Amino acid sequence: MNVQTLNYIFIVFVIYLLNQNVHSQLQVGFYSYSCSMAEFIVKDEVGRAFTKDPGIVAGLLRMHFHDCFIRGCDASVLLDSTPTNTAEKDSPANKPSLRGYEVIDNAKARLEAMCEGIVSCADIVAFAARDSVELARGLGYDVPAGRRDGRISLASDTRTELPPPTFDVNQLTQLFAKKGLTQEEMVTLSGAHTIGRSHCSAFTSRLYNFSSTSSQDPSLDPSYAALLKRQCPQGSTNQNLVVPMDPSSPGTADVGYYIDILANRGLFTSDQTLLTNTVTASLVNQNARNTYQWASNFADAMIKMGQISVLTGNVGEIRTNCRVVNS
């Protein structure tokens, strides 16, 4: 074994130890003594919001994804823009689709009143995502907590760190790998599209003027494309037009998403592309046949995603207001 190979193994081992150290600092029941009602309060606020608007759970789940993929799970997605900086939430990738900020605000206000300076905004986002999965009839899971909040939020980061709906399977695999997630976990987490809605602008390129040889994406089921065209007319200036991502069960965390892909009814290019690779296509088939297996794998993958580049210990801060850094 040559020196270069030994150096590579050593570097990989050090990275592994660092990751294990970070993960070990997050603990299930982190607030058991310092703020024992923390998770209950977050769950209560998510439940109240869900009663008024069942679609809020998709927004909160998406928020956790978009937070973790940029600078790690540090609640940077919650920070407001300032006169000198455009924050993540105001980027084109986030502004039309993320919602639920007021749910986080309400939970934070109650927690500050009860346990001042104890519960991080990043943990609130992680708890709210888990509670959203449960309300959508998915499997619940224990959330290791102890994250701290970051102080930087840049809209420009969304251009390189978030997967756009136009990505192909190789681009998705590479981006998820950068976050420490496997290709199998990428397919599993893509199943989050089983709930929620999408703005027409995210996929109309598949319906109109797709390429020089085809006005419509040939991988899209014709009858589904016709339905989408009725819902998203060409040339419409209505920016608020939305469609369900999983038409058969848009409010339920089930395997309808994978069944849709097998029927060529994946809404985004990044959904339907999962059939273009032998391995990912096999995973789509497996998930479509076994709801419990997917739900269990999804819970595990959410726990892992929730630990991407977290701030712990004395790094970062516990924001008093999730929208602004502490002075």
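Values in this document were obtained by computation on a predicted structure and should not be read as measured data.

## As for the UniProt feature "active site" (unreviewed entry) in the protein chain
The UniProt feature table records "active site" (unreviewed entry) at H66. Secondary-structure assignment places H66 in helix α3 (residues 56-68). In contact with H66, other than residues within four places in its own chain, are E88, A93, N94, L98 and L162.

## Quick word on the packing of aromatic side chains
Here a ring pair, both rings aromatic, is described through the centre-centre distance and the interplanar angle of the planes. The tally for this structure, following the rule as stated, stands at six aromatic pairs. Seen from their ring centres, Y257 and Y258 are 4.9 Å apart, and the 80 degrees between their planes marks the pair as edge-to-face. Ring geometry for Y258 versus W294: centroids 6.1 Å apart, planes at 65 degrees, classification edge-to-face. In this pair, Y258 is assigned in helix α10 (residues 256-262) and W294 in helix α13 (residues 291-305), connecting sequence segments 36 residues apart. For Y258, a relative accessible area of 0% corresponds to the buried category.

## Comments concerning the packing of helix α8 (residues 183-190) against helix α12 (residues 278-289)
Where α8 contacts α12, the two axes come as close as 10 Å, and the packing angle between them is 45 degrees. Relative to α12, the element α8 is oriented oblique. Seen from above, α8 lies across α12 with right-handed handedness. On the side of α8, the interface is formed by Q183, E184, M186 and V187, while α12 contributes V279, T280, L283, V284 and N287.

## Focus: the state of the cysteines
Within this structure, the stated rule accounts for four disulfides. Through a disulfide, C35 is tied to C115; the S-S separation comes to 2.1 Å. Given an S-S torsion of about 75 degrees, the disulfide between C35 and C115 has right-handed geometry. A residue pair is termed long-range when its members are at least 10 positions apart, and C35 in the loop between α1 (3-24) and α2 (38-52) and C115 in the loop between α4 (101-114) and α5 (121-135) qualify at 80 residues. The class of C35 is buried, set by a relative accessible area of 2%. If one numbers only the bonded cysteines of the protein chain, in the order they occur, the disulfide pattern is 1-4, 2-3, 5-8, 6-7.

## Brief notes about α12
The end-to-end C-alpha distance of α12, which contains 12 residues, comes to 17 Å, matching closely the 16 Å that a straight helix rising 1.5 Å per residue would cover. Inspection of α12 places T280, A281, L283, V284, N287 and A288 among the buried residues, and these make up the whole buried set. All buried residues of α12 lie within an arc of 160 degrees about the axis, which places them on one face of the element. Exposed and facing more than 90 degrees away from the buried side of α12 are T278 and R289. Tucked into the core, α12 has its buried residues touching α7 (169-178), α8, α10 and α13.

Procedures and definitions
Residues numbered from 1 in each chain as written. Predicted model: local features only at pLDDT ≥ 70, side-chain atom pairs only at ≥ 80, totals over all residues. Heavy atoms only, no water. UniProt positions renumbered as here; feature names shortened; annotations may be inferred. Helix = DSSP H or I, 4+ residues; strand = E, 2+ residues; numbered from the N terminus. Contact = heavy atoms within 4.5 Å. Phe/Tyr/Trp six-rings, centres within 6.5 Å; stacked < 30°, edge-to-face > 60°. Buried < 20%, exposed > 50% of the residue type's maximum accessible area, 1.4 Å probe, protein only. Axes fitted to C-alpha atoms, helices over the stretch in contact; angles between N-to-C directions. Parallel < 35°, antiparallel > 145°, perpendicular 65-115°, else oblique. Left-handed = near helix turned anticlockwise from the far one by under 90°. Disulfide = S-S within 2.5 Å. Expected span 1.5 Å × (residues − 1). Arc of directions from axis to C-beta.

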